[in-house]
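What follows is each chain in one-letter form.
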Amino acid sequence: MAKKDTHKIIEPKATISGAEQTLEPLKLGTRLRDVRKRRNWTLEEASKRTGLARSTLSKIENDQMSPTFEVVQKLVAGLEIDIPQLFTKGDTQKNVGRKTITRKGEGKPHPTATYEHELLCTEIINKRMIPFKSTIHARSMADFGELVRHNGEEFLFVLEGQLTFYTEFYEPITLNEGDSLYYDSGMGHACISTSEKDAVIIWVSTPHPY
């Protein structure tokens, strides 16, 4: 597929203000502080490793802001953990024969200004894949401050509706129910719903490049 001009890269619009300020289904502050202190890292060191401002980390640890999913991705990449480790207690250990089930509607909710995520199978920590179901509320690229980028790779499968998928290197593509897509998530990307009802998708993300 032919490449096109790169989109402008700026900071995401959704931060500690606006819609996400009141959406706090997950209290990550205490868990984030525990993970950081187990590594004997100062806020300054954690800031360097995650690419997030010291003040942002401090606000998250003190439950003064609810991080966007993109901020969570930076946290897990910089802290070298996976998403469920922010939501569960206990030391990381290697397991064989693990299994967990997430019943319909029982995932961990994490709404943002553009997507409403439902994190799946969060009981198992130290996974190489992070599955989640998302409802896409965004209807225009103006709803984003930038194209999203983070470490790893992602698989997307459309369960309901229609969406347009944007990247920094390729022309926008339309995906319908039953379509799927695999891509490098370090490439700037974002998607918007184009059907009458919000599109619903399954996302599977690797938090680290394997």
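Keep in mind that what you see is a predicted model, and the values were worked out from it rather than measured. (Residues numbered from 1 in each chain as written. Predicted model: local features only at pLDDT ≥ 70, side-chain atom pairs only at ≥ 80, totals over all residues. Heavy atoms only, no water.)

Participant: What exactly am I supposed to notice about the sheet that holds strand β5 (residues 162-167) here?
Facilitator: Sheets are built from strands that pair by backbone hydrogen bonding, the pairs being arranged parallel or antiparallel. Strand order in this open sheet of 3 strands is β6-β5-β8, and the pairing throughout is antiparallel. Pairing within the sheet leaves two strands with one partner each, and these edge strands are β6 (173-176) and β8 (189-193). Going across the sheet, the axis of each strand differs from the next one's by a mean of 30°, ignoring polarity. (Pairing = 2+ DSSP bridges. Helix = DSSP H or I, 4+ residues; strand = E, 2+ residues; numbered from the N terminus. Axes fitted to C-alpha atoms, helices over the stretch in contact; angles between N-to-C directions.)

Participant: Would you take a moment to explain the packing of helix α1 (residues 29-38) against helix α3 (residues 54-61) for this structure?
Facilitator: A pair of packed helices is captured by two measures, namely the crossing angle of their axes and the spacing between those axes. Where α1 meets α3, the closest approach of the two axes is 7 Å, and the angle between their N-to-C directions is 120°. In terms of orientation, α1 and α3 fall into the oblique class. The residues of α3 that touch α1, namely those facing Gly-29, Thr-30, Leu-32, Arg-33 and Arg-36, are Leu-57, Ile-60 and Glu-61. (Parallel < 35°, antiparallel > 145°, perpendicular 65-115°, else oblique. Contact = heavy atoms within 4.5 Å.)

Participant: Just to check I follow, could you spell out the pairing of β5 for this structure?
Facilitator: Residues in a regular strand project their side chains so that they alternate between the two faces of the sheet. The buried count for β5 comes to 5 of 6 residues, which makes it a mostly enclosed element. By the bridge criterion, 4 bridges tie β5 to β6 in an arrangement that is antiparallel. Bridged to Leu-163 within β6 is Leu-175. For β5 and β8, the ladder comprises 5 bridges, and the chain directions are antiparallel. The residue of β8 that forms the bridge with Leu-163 is Ser-193. (Buried < 20%, exposed > 50% of the residue type's maximum accessible area, 1.4 Å probe, protein only.)

Participant: Help me understand the confidence of the model for the chain in this model?
Facilitator: Low pLDDT means the predicted coordinates in that region are not meant to be read closely. Averaged over the chain, the pLDDT score is 81; the fraction of residues at 70 or greater is 80%. In the model, residues 1-26 has pLDDT below 50 throughout and makes 58 contacts with residues more than four positions away in sequence or in other chains. (pLDDT = per-residue confidence, 0-100.)

Participant: Looking at this structure, I do not really get the environment of Met-187. What am I missing?
Facilitator: Mapped onto the secondary structure, Met-187 falls in the loop between β7 (180-184) and β8. Given a relative accessible area of 11%, Met-187 falls into the buried group. Between the alpha carbons of Met-187 and Arg-149 there is a distance of 5.8 Å; along the sequence they are 38 residues apart. Ignoring sequence-local partners within four residues, the contact set of Met-187 consists of Val-148, Arg-149, Thr-167, Glu-168, Phe-169 and Tyr-170.

Participant: Is there a simple way to think about the side chain of Ser-205 in this case?
Facilitator: Among the secondary structure elements, Ser-205 is positioned in strand β9 (residues 200-205). Among the polar contacts listed, one links the side chain of Ser-205 to the side chain of Gln-73, at a separation of 3.4 Å. (Polar contact = N/O pair within 3.5 Å; in protein donor to acceptor, adjacent residues only side chain to side chain.)

Participant: Looking at this structure, I do not really get the packing of helix α2 (residues 43-50) against α3. What am I missing?
Facilitator: At their nearest, the axes of α2 and α3 sit 9 Å apart, and the two run at 110° to each other. By the angle between their directions, the pair α2 and α3 is classed as roughly perpendicular. Contacts between α2 and α3 involve Leu-43, Glu-44, Ala-46, Ser-47 and Thr-50 from the former and Arg-54, Leu-57, Ser-58 and Glu-61 from the latter.

Participant: What is the right way to look at the pairing of strand β3 (residues 130-136) in this model?
Facilitator: In terms of burial, β3 is a largely internal element, 5 of the 7 residues being buried. As paired strands, strand β2 (residues 115-119) and β3 are joined by 5 bridges and run antiparallel to one another. When the bridges of β3 are listed, Tyr-115 appears paired with Ile-136. In terms of strand pairing, β3 meets β9 through 6 bridges, oriented antiparallel. Each residue of the ladder has a partner; that of Thr-135, found in β9, is Val-200.

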